[in-house]
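# A closer look at the structure
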Amino acid sequence: MEQRQVAIIKVPFGLGGARGGAELGPDELITAGLKREIARLGLVLSEEVRVECPSVSDAPIERNRVKYLDEVRQVSERVCTEVSRAVADGSFPLVLGGDHSVAIGTLAGLTSHYSNLGVIWFDAHADLNTEERSLSGNMHGMSLAAALGHSAFNLSHIPGVGPFINPSNLVYVGLRDLDEYEKEQIRAHGIKSFTMHDIDRMGIQCVVEQALAVAGKGSDGIHLSFDMDCLDPREAPGVGTPVPGGLNYREAHFALELLASTNRITSMELVEVNPLFDHNRHTARLGVELIASLLGKRIL
Ligand SMILES: NC(=[NH2+])NCCC[C@H](N)C(=O)O
Ligand SMILES: [Mn+2]
Ligand SMILES: [Mn+2]
C-alpha cells in the first residue's frame, strides 16, 4: 500500500442480506480494535465517516421479489460519494460493511477515479445474479452484476460514477456456492475464478499470485473486496450466509500478507460480519486482524 492515510467508511446496512445483523458489522469491527491496529501500523486515520443507512424499521414492508432495491440505491449513492472523496483526498478507502450490496457504491466511487479498475473478490459466492435471475431476491448476491452492467439497476444509475468494471480484470478467490446462472455467467464472460478446489490443488500462494496478475493487468488501481464468508465457518461463524469448506486462518492471512507486500492494492472493503451469529466477537476480531495484514502487519 502506497498511501499512509486510511479513511474508514462505515456502512451499517443489512437490508441487502439474507438475514439481518450485517448492519451491526462496522461498529463491531471498531469495538474489536480496528483503530488501535491502524495506529500500531503507523498509519494516519484521515477520517472516519458513517454513511447514513435505512434499517428495517425505516423501510416500508417489502412486497417486491427483489428486496429493498430503493434502499440499496440510496446507500450506493452515499457510499459512492464518500469513497470518491477519500480517493480524491489521497487516502486509502477502507469500507466496512454491512452486507455485500455495499460494494455497488464502493465500486461506483472507485471507478470515478480509476478508469480501469482491477477487482479481487474473496467470497464463497459470485454475487453475479441479476434481478431476474436471482433465486433469493437478496441484493448482496447481485453486486457484481451491477458493477459489470448486467443487471437492470447498475452502476450507470449512480451519479458521479465511472465506467463499468471489466470482466477481464475481475478475479474470484474462494468460490464454493454458485447458482446455475452464475456458473453460466462466469463461463460466458471468461471471469477468472479460483474456487476452493483450485486452492486445494495449487495452494493459496500460487492462487494469489495469479489473481494479482489478472486484476493488475493494465489496471490503474486494484480493489480488494473481502466477504468474510470466504473463510470457513469454523473460523468465521458470524456471517449471514455461511458455507462449509472455506479458507482457513493462515490461508486468509497469508493471502492478504502477500497482497500487502506487493504495494498494489489501492482500496479494500470488508463485508458480511454479522454479530448476531458470532461467538464472543470472534469473527469481528478476525476481520480486524485480516485488515491489519492487508495494511502491512507482519509477524516479524
Ligand atoms: N454476499 C453474499 N453473501 N452473497 C450470498 C448470495 C447467495 C445467493 N447466491 C443469492 O444470490 O442469494
Ligand atoms: Mn459476497
Ligand atoms: Mn458470500
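Conventions we followed
Residues numbered from 1 in each chain as written. Chains lettered and ligands numbered in written order. Predicted model: local features only at pLDDT ≥ 70, side-chain atom pairs only at ≥ 80, totals over all residues. Heavy atoms only, no water. UniProt positions renumbered as here; feature names shortened; annotations may be inferred. Near = heavy atom within 4 Å. Polar contact = N/O pair within 3.5 Å; in protein donor to acceptor, adjacent residues only side chain to side chain. Areas by Shrake-Rupley, 256 points an atom, 1.4 Å probe, with all protein chains shown as cover. Nonpolar A, V, L, I, M, F, W, Y, C, P; charged D, E, K, R; others polar. Pairing = 2+ DSSP bridges. Helix = DSSP H or I, 4+ residues; strand = E, 2+ residues; numbered from the N terminus. Axes fitted to C-alpha atoms, helices over the stretch in contact; angles between N-to-C directions. Parallel < 35°, antiparallel > 145°, perpendicular 65-115°, else oblique. Left-handed = near helix turned anticlockwise from the far one by under 90°. Contact = heavy atoms within 4.5 Å. Donors = N, O, S within 2.8 Å, 3.2 Å for Na, K, Ca; no water. Buried < 20%, exposed > 50% of the residue type's maximum accessible area, 1.4 Å probe, protein only. Right-handed = clockwise from strand over helix to strand, strands pointing away.

As named in an unreviewed UniProt entry, the protein chain is Arginase, taken from Paenibacillus xylanilyticus. Its UniProt record gives the protein chain the following Pathway (unreviewed entry) comment, quoted word for word: "Nitrogen metabolism; urea cycle; L-ornithine and urea from L-arginine: step 1/1."

In this section: the site of ligand 1. Close contacts around ligand 1 come from 13 residues, with Asp127, Asn129, Ser136, Asp179 and Thr241 the closest. Contact between ligand 1 and His140: a nitrogen atom at 3.3 Å from a main-chain N or O atom of the residue. Here a nitrogen atom of ligand 1 and a side-chain polar atom of Asp229 are 3.1 Å apart. When isolated, ligand 1 has an accessible area of 350 Å², and the protein chains bury 92% of it. Its residues assigned to classes, the shell around ligand 1 comprises no nonpolar, seven polar and six charged.

Another aspect to go through is the sheet that holds strand E8 (residues 265-271). One open sheet accounts for eight strands, arranged E2-E1-E3-E8-E7-E4-E5-E6; its pairing is parallel. With partners counted over all chains shown, the strands left at the sheet margins are strand E2 (44-50) and strand E6 (192-195), one partner each. Across the sheet, the mean angle separating the axes of adjacent strands is 15° when strand polarity is ignored. Here strand E1 (residues 5-11) pairs with strand E3 (residues 92-97) via six bridges, running parallel.

At a closest axis distance of 7 Å, the pairing of helix H3 (residues 69-88) and helix H4 (residues 102-111) adopts a crossing angle of 40°. Taken as axis vectors, H3 and H4 run oblique relative to one another. The crossing of H3 and H4 is right-handed. Along the contact surface, H3 presents Val72, Ser76, Val79, Cys80, Val83, Ser84 and Val87, while H4 presents Val102, Ile104, Gly105, Thr106, Ala108, Gly109 and Leu110. Residues that form the contact of H3 with H4 fall into these classes: nine nonpolar, five polar and no charged.

For the rest of this paragraph, the subject is the coordination of the manganese ion (ligand 3). The coordination sphere of the manganese ion (ligand 3) contains the protein donors Asp123 (OD), His125 (ND1), Asp227 (OD), Asp229 (OD) and Asp229 (OD), at a distance range of 2.1 to 2.4 Å. Summarised as a motif, the one-chain spacing of the donors to the manganese ion (ligand 3) is D-x1-H-x101-D-x1-D. Separating the manganese ion (ligand 3) from the manganese ion (ligand 2) is a distance of 3.2 Å, and Asp123 supplies a donor atom to each of them. For Asp123, a relative accessible area of 0% translates into the label buried. Take His125: its relative accessible area is 12%, and that puts it in the buried class.

The subject of this paragraph is the coordination of the manganese ion (ligand 2). Taken together, the protein ligands of the manganese ion (ligand 2) are His100 (ND1), Asp123 (OD), Asp127 (OD) and Asp227 (OD), with distances of 2.0 to 2.2 Å. Taken in chain order, the donor set of the manganese ion (ligand 2) reads H-x22-D-x3-D-x99-D. Here Asp127 falls in the buried class, since its relative accessible area comes to 5%.

Here we take up the side chain of His100. Positionally, His100 belongs in the loop between E3 and H4. Non-local contacts of His100, meaning those with residues more than four positions away in its chain, are made with Trp121, Asp123, Asp127, His140, Ser143, Ser225, Asp227, Glu269, Val271 and Glu272.

Bringing the pairing of strand E4 (residues 117-122) into the picture now. Burial analysis of E4 places six of its six residues in the buried class, the great majority of the element. Because side chains alternate across E4, one face comprises the buried residues Leu117, Val119 and Trp121, and the other comprises Gly118, Ile120 and Phe122, equally buried. For E4 and strand E7 (residues 221-227), the ladder comprises six bridges, and the chain directions are parallel. In the sheet register, Leu117 faces E7, and the bridge partner there is Gly221. Two elements, E4 and strand E5 (residues 170-175), share four bridges in a ladder whose sense is parallel. The residue of E5 that forms the bridge with Ile120 is Val171. Considered for its hand, the β-α-β crossover made up of E4, helix H5 (residues 143-148) and E5 is right-handed.

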